Amino acid sequence: MAVAVAGRLWRLCNLLMAAFFGLAAAVQVNDPDAGLWTVVYLVPAALTLLVSINPSITDNGIWRSLCDLHSAGCIVGIIALACTLFAYAQGNILHEEEGRELFGLVIITIWMSLCRSSAKSPLGGVRLIAAILVALFPFVSWLYIYVNKEMRASWPTHCKTVI
């Protein structure tokens, strides 16, 4: 019984994350580098949607290769954005576009890692709780940002017009 509930929760978390990644890709529409960021979010959206439909897909070599390749690219992006923020950030990094991009890449990397590790053993216990928290984090963050007008005030125009 508990294994079945954990399996359903894992699938639901993947469905939520697929929705988040899809929405994150959609809001890139008026970003100056929309093409890049749309792909950055659509790849994990597709991979995560596949996991929500069939969790055992994480054993598939093609799925794993795409996951690894995308995660490696995200890690390179994390390092590049972190260096940029370290050199140029002036205050709260969430007020910087690069800071928000950095957090997006971190979320992708964490989620892809959780998905990849689920092939070895089903998620349960602490890892399932971590998955639930990570799946809820982007939506809670978006809600907070939407409600917090002061935070959005310093954003570039292309960020303000999407939400």
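Please read these numbers as outputs of a predicted model, since none were measured by experiment.

The next thing to look at is the overall build of the protein. From N to C terminus, the protein includes seven helices and zero strands. What you see in the protein, going N to C, is helices and strands ordered as α-α-α-α-α-α-α. For the protein, contacts bridging at least 24 residues in sequence account for 67% of all contacts bridging at least 6. Of the roughly 9,100 Å² that the protein leaves accessible, carbon and sulfur atoms contribute 72%.

So, about the packing of aromatic side chains. Scanning the model with the defined rule gives five aromatic pairs in all. Ring geometry for Trp10 and Trp111: centres 5.4 Å apart, planes at 25 degrees, overall stacked. Of this pair, Trp10 sits in helix H1 (residues 2-26) while Trp111 sits in helix H4 (residues 97-117), placing them 101 residues apart in sequence. We classify Trp111 as buried; its relative accessible area is 0%. On the numbers, 5.4 Å between centres and 55 degrees between planes, the contact of Phe20 with Phe21 is tilted. Through a chain of ring-to-ring contacts, the aromatic side chains of Phe20, Phe21, Trp37, Tyr41 and Phe139 assemble into a single cluster.

A contiguous nonpolar patch, built from Leu12, Leu15, Leu49 and Ile53 and spanning about 360 Å² of accessible area, is present on the exposed surface. Elements with a minimum of two residues in the nonpolar patch: H1 and helix H2 (34-53). Of note, Leu12 is situated in helix H1. On the accessibility criterion, Leu12 (45% relative accessible area) is partly exposed.

Attention now moves to the confidence of the model for the protein. On average, residues of the protein score 86 in pLDDT, and 89% of them reach the 70 mark or higher. Between the elements of the protein, mean pLDDT differs from a low of 58, seen in helix H7 (residues 157-160), to a high of 96, seen in H2.

Tracing the backbone through its elements, the reader meets Gln28 in the loop between H1 and H2. A distance of 3.1 Å separates the side chain of Gln28 from the backbone oxygen of Ala24, its partner in a polar contact. Here Gln28 is in contact with Ala34, Trp37, Thr38 and Tyr41, once residues within four sequence places are set aside.

Conventions and cut-offs
- Residues numbered from 1 in each chain as written.
- Predicted model: local features only at pLDDT ≥ 70, side-chain atom pairs only at ≥ 80, totals over all residues.
- Heavy atoms only, no water.
- Helix = DSSP H or I, 4+ residues; strand = E, 2+ residues; numbered from the N terminus.
- Contact = heavy atoms within 4.5 Å.
- Areas by Shrake-Rupley, 256 points an atom, 1.4 Å probe, with all protein chains shown as cover.
- Phe/Tyr/Trp six-rings, centres within 6.5 Å; stacked < 30°, edge-to-face > 60°.
- Buried < 20%, exposed > 50% of the residue type's maximum accessible area, 1.4 Å probe, protein only.
- Patch = residues over 30% accessible without salt bridge, like charges linked within 9 Å, V, L, I, M, F, W, Y side chains within 5 Å.
- Salt bridge = Lys/Arg side-chain N within 4 Å of Asp/Glu carboxyl O.
- pLDDT = per-residue confidence, 0-100.
- Polar contact = N/O pair within 3.5 Å; in protein donor to acceptor, adjacent residues only side chain to side chain.

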